[in-house]
Structure formats: structure tokens, C-alpha cells
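These are the residues of each chain, in order.
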Amino acid sequence: MLEVKNLTFKVNENGIERSIVKNISFHVEDGEMLVITGPNGGGKSTLAKVLMGIEEADEGQIILDGEDITSYDINHRANAGIGFAFQQPPRFKGMTVSRLLSLAAGRQLKESECCGLLSRVGLCAQEYIRREVDSTLSGGEMKRIEIATVLAKRHKLCIFDEPEAGIDLWSFSMLIQQFEKIHNRKEESLILISHQERIIRMADRIMVIEDGKIGAVGSREEILPRLLDKGDSCTCMNR
Ligand SMILES: Nc1ncnc2c1ncn2[C@@H]1O[C@H](COP(=O)(O)OP(=O)(O)OP(=O)(O)O)[C@@H](O)[C@H]1O
Ligand SMILES: [Mg+2]
């Protein structure tokens, strides 16, 4: 279980301090899927980066299965069981796709294992395993390889930041199946950041982040009708 207590993250712009994440507290149960949505610039990706240790919290606590991981760096958090897929995945010139997948898995994967992972995200494996993770990969290819790196290992918590971004409809349906599989196994907790109605509908609970704060949080049954109501200020969903 993930417990987040009073998390705050600030940036300093030309000597002026600005809070991007403002005193946020929430939890994710074991095996639960929490979907975070909300307007652009609300602070969703920043919150995810603070959870993964890419950005350092200014205040608050992050507890994973009773272990306080607040002071852990990104590698230490990965070892503690958090997997993360960026909204805009980084590229690694000089590294092949199969090497990246092996690094993510924490062991040398066989070619057949790399192929299996890539086919789960709809990529024709033979064409990709020896490619470099550089700018020659398209945005959608890169995004799916990034998602495959998270699928390469069992985690306690997987965080996917807008997995749908730049993905074609066929690949999107494949990804939905992968998320459903993980969700149904109930062995890993999931945080999906998304604006997509199909993803939001999969949630056990939905959390809306607006202006760095929690605008609403609750069960899907409770929150979804509010998101579907076009008059609501937090209408931020793509349908
Ligand atoms: N390091 C930083 N320095 C200054 N501003 C930042 C920094 N990181 C994030 N921001 C700002 O914080 C706000 C929240 O950004 P964030 O990327 O978390 O939003 P988001 O909810 O993920 O939006 P989107 O739906 O567009 O992905 C934005 O206004 C962004 O410009
Ligand atoms: Mg974002």
C-alpha cells in the first residue's frame, strides 16, 4: 500500500517560490487502480515525479508497504518496488531496445523475452530489439517501449503518466488489455495519469488534481458522473 502524507513540491523561479504540489495526501491500496486526472498544468506529472524520486519533495512523507521511502533516490525507489513510465520518455542514444529492457528487468533478458514484452505493447519485436533508443524512434514507438520497460518486472506500484499520449487506437486497445491484466491479477497497485475516458472508466478510484491540490477523490461511481457532467469545472476528459 502507498501512503502519501502532506506532500508539497515547490520551484523557485527568478527568486520567487511557487508550489506546484500543495499539501497532497492520499493512498493506494494493494492491487488497486487509482486514475489521476485533471486540467493541463494541474501538477499530475510533477506529483508522479516526486513519487518516483525524480523530483525531491519539500515537505511530506511517502510510505510504501510501511517503509518510509521519502529520502530514497530514484534507484532506491525502483529497488523498493516502484515502476514509472514518463509522459515524455527519455531517449538513450547508444543503447539498444533489448539492453534497455534488460536494465529495466534487472537481469539479462533472452531475445524471446524481449520479443514477448514488445509484442505486449503491439510492436513487432524483430524490427525493434536491435534498434537504438534514440531520436529515430517515433513518439508512439518510444512511448510503447517505455511502457514495456515497466512491464518487464513485477513492482509493488506502477505509475504510468498519460500512457495514451501519441498512441494509435489499435495500440491503445492493446495497452488497455495490459492494464486490465495487471489490475485483475491484483498483485501490483497502479497509478494511471490520464485524460482518456476508457482509462478513467477502469479505475477503482479517481483523483482529480487541479492547481496542485486534490479537487476531488473517491470511487469511480462517485467521481465519474461529475467528470461526465459538462458543466463541471474539472471537465478534462477526452472521449
Ligand atoms: N521544474 C519546474 N519549474 C517551473 N515550473 C514547473 C516545473 N515543473 C513543473 N512546472 C509547472 O508546474 C505545473 C504543473 O506541471 P505538470 O507537468 O505537473 O502538469 P500536468 O498536470 O502533468 O499537466 P498535463 O496534463 O499538461 O500533462 C505547470 O504549470 C508546469 O509548467
Ligand atoms: Mg503531465
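Residues numbered from 1 in each chain as written. Chains lettered and ligands numbered in written order. Predicted model: local features only at pLDDT ≥ 70, side-chain atom pairs only at ≥ 80, totals over all residues. Heavy atoms only, no water.

**Examining the coordination of the magnesium ion (ligand 2)**
Then, in step 1: Note on the magnesium ion (ligand 2): its protein donors are Ser45 (OG) and Gln87 (OE1). The metal-donor distances range over 2.0 to 2.1 Å. Taken together, the residues span a long stretch of sequence, with Ser45 in helix H1 (residues 44-52) and Gln87 in the loop between strand E6 (82-85) and strand E7 (92-96) at a distance of 42 residues.
Then, in step 2: A relative accessible area of 17% places Ser45 in the buried class. (Donors = N, O, S within 2.8 Å, 3.2 Å for Na, K, Ca; no water. Helix = DSSP H or I, 4+ residues; strand = E, 2+ residues; numbered from the N terminus. Buried < 20%, exposed > 50% of the residue type's maximum accessible area, 1.4 Å probe, protein only.)

**Considerations on the environment of His76**
Then, in step 1: With respect to the helices and strands, His76 occurs in helix H2 (residues 74-80).
Then, in step 2: Residues His76 and Met52 lie 24 residues apart in sequence; the distance between their C-alpha atoms is 9.6 Å.

**A look at the layout of surface pockets**
Then, in step 1: The volume enclosed by the largest pocket comes to roughly 590 Å³.
Then, in step 2: Of all the elements in the fold, those that place two or more residues in the lining of the largest pocket are H2, E6, E7, helix H3 (97-105) and helix H6 (139-151).
Then, in step 3: It is H2 that contributes the most residues to the lining of the largest pocket, 4 residues altogether.
Then, in step 4: The residue inventory of the lining of the largest pocket, partitioned by class, reads 14 nonpolar, 5 polar and 2 charged. (1 Å grid on protein atoms, 1.4 Å probe; cavity = no way out; pocket = protein on both sides within 12 Å on 5 of 7 lines; lining within 4 Å. Points joined across faces, edges and corners; volume = space filled by probe spheres on them. Nonpolar A, V, L, I, M, F, W, Y, C, P; charged D, E, K, R; others polar.)

**Let's talk about the site of ligand 1**
Then, in step 1: In the region of ligand 1, 15 residues are neighbours, and Gly41, Gly43, Lys44, Ser45 and Thr46 sit closest.
Then, in step 2: With respect to ligand 1, the side chain of Asn40 contributes an N or O atom lying 2.9 Å from an oxygen atom.
Then, in step 3: When ligand 1 is considered free in solution it has 640 Å² of accessible area, and contact with the protein chains removes 67% of it.
Then, in step 4: The greatest single-element share of the shell around ligand 1, amounting to 3 residues, is contributed by H1.
Then, in step 5: Tallied by class, the residues present in the shell around ligand 1 amount to 3 nonpolar, 8 polar and 4 charged. (Near = heavy atom within 4 Å. Polar contact = N/O pair within 3.5 Å; in protein donor to acceptor, adjacent residues only side chain to side chain. Areas by Shrake-Rupley, 256 points an atom, 1.4 Å probe, with all protein chains shown as cover.)

**With respect to the sheet that holds strand E4 (residues 59-64)**
Then, in step 1: Strand order in this open sheet of 4 strands is E2-E1-E4-E5, and the pairing throughout is antiparallel. Each edge of the open sheet carries a strand with a single partner, namely strand E2 (16-28) and strand E5 (67-68).
Then, in step 2: Of the pairings in the sheet, the one linking strand E1 (residues 2-13) to E2 comprises 9 bridges and is antiparallel in character. Looking at the pairing, Val11 lines up with Arg18 of E2.
Then, in step 3: The sheet strands contacting H1 are E1, E2 and E4, and the helix crosses E1 at an angle near 115 degrees. (Pairing = 2+ DSSP bridges. Contact = heavy atoms within 4.5 Å. Axes fitted to C-alpha atoms, helices over the stretch in contact; angles between N-to-C directions.)

**Quick look at H1**
Then, in step 1: A large share of H1 lies buried, amounting to 8 of its 9 residues.
Then, in step 2: Among the residues making up H1, those that are buried are Lys44, Ser45, Thr46, Leu47, Ala48, Val50, Leu51 and Met52.
Then, in step 3: Once H1 ends, the next one or two residues include Gly53, with phi positive near 90 degrees.

**Concerning the pattern of salt bridges**
Then, in step 1: Summed over the entire model, instances satisfying the criterion amount to 15 salt bridges.
Then, in step 2: Here Lys22 ties to Asp211 by a salt bridge, and the two come within 3.0 Å at their closest N and O atoms. Placement of the pair is Lys22 in strand E2 and Asp211 in the loop between strand E11 (205-210) and strand E12 (213-219), with a sequence separation of 189 residues.
Then, in step 3: Residue Lys22 is classed as partly exposed on the basis of its relative accessible area of 25%.
Then, in step 4: Between Glu197 and Arg201 there is a salt bridge, with its nearest N and O atoms 2.8 Å apart.
Then, in step 5: Since its relative accessible area comes to 12%, Glu197 is described here as buried.
Then, in step 6: Three or more residues are tied together by salt bridges with common partners; here these are Arg154, Arg185, Glu187 and Glu188. (Salt bridge = Lys/Arg side-chain N within 4 Å of Asp/Glu carboxyl O.)

Distances and angles like these do not, on their own, reveal function.
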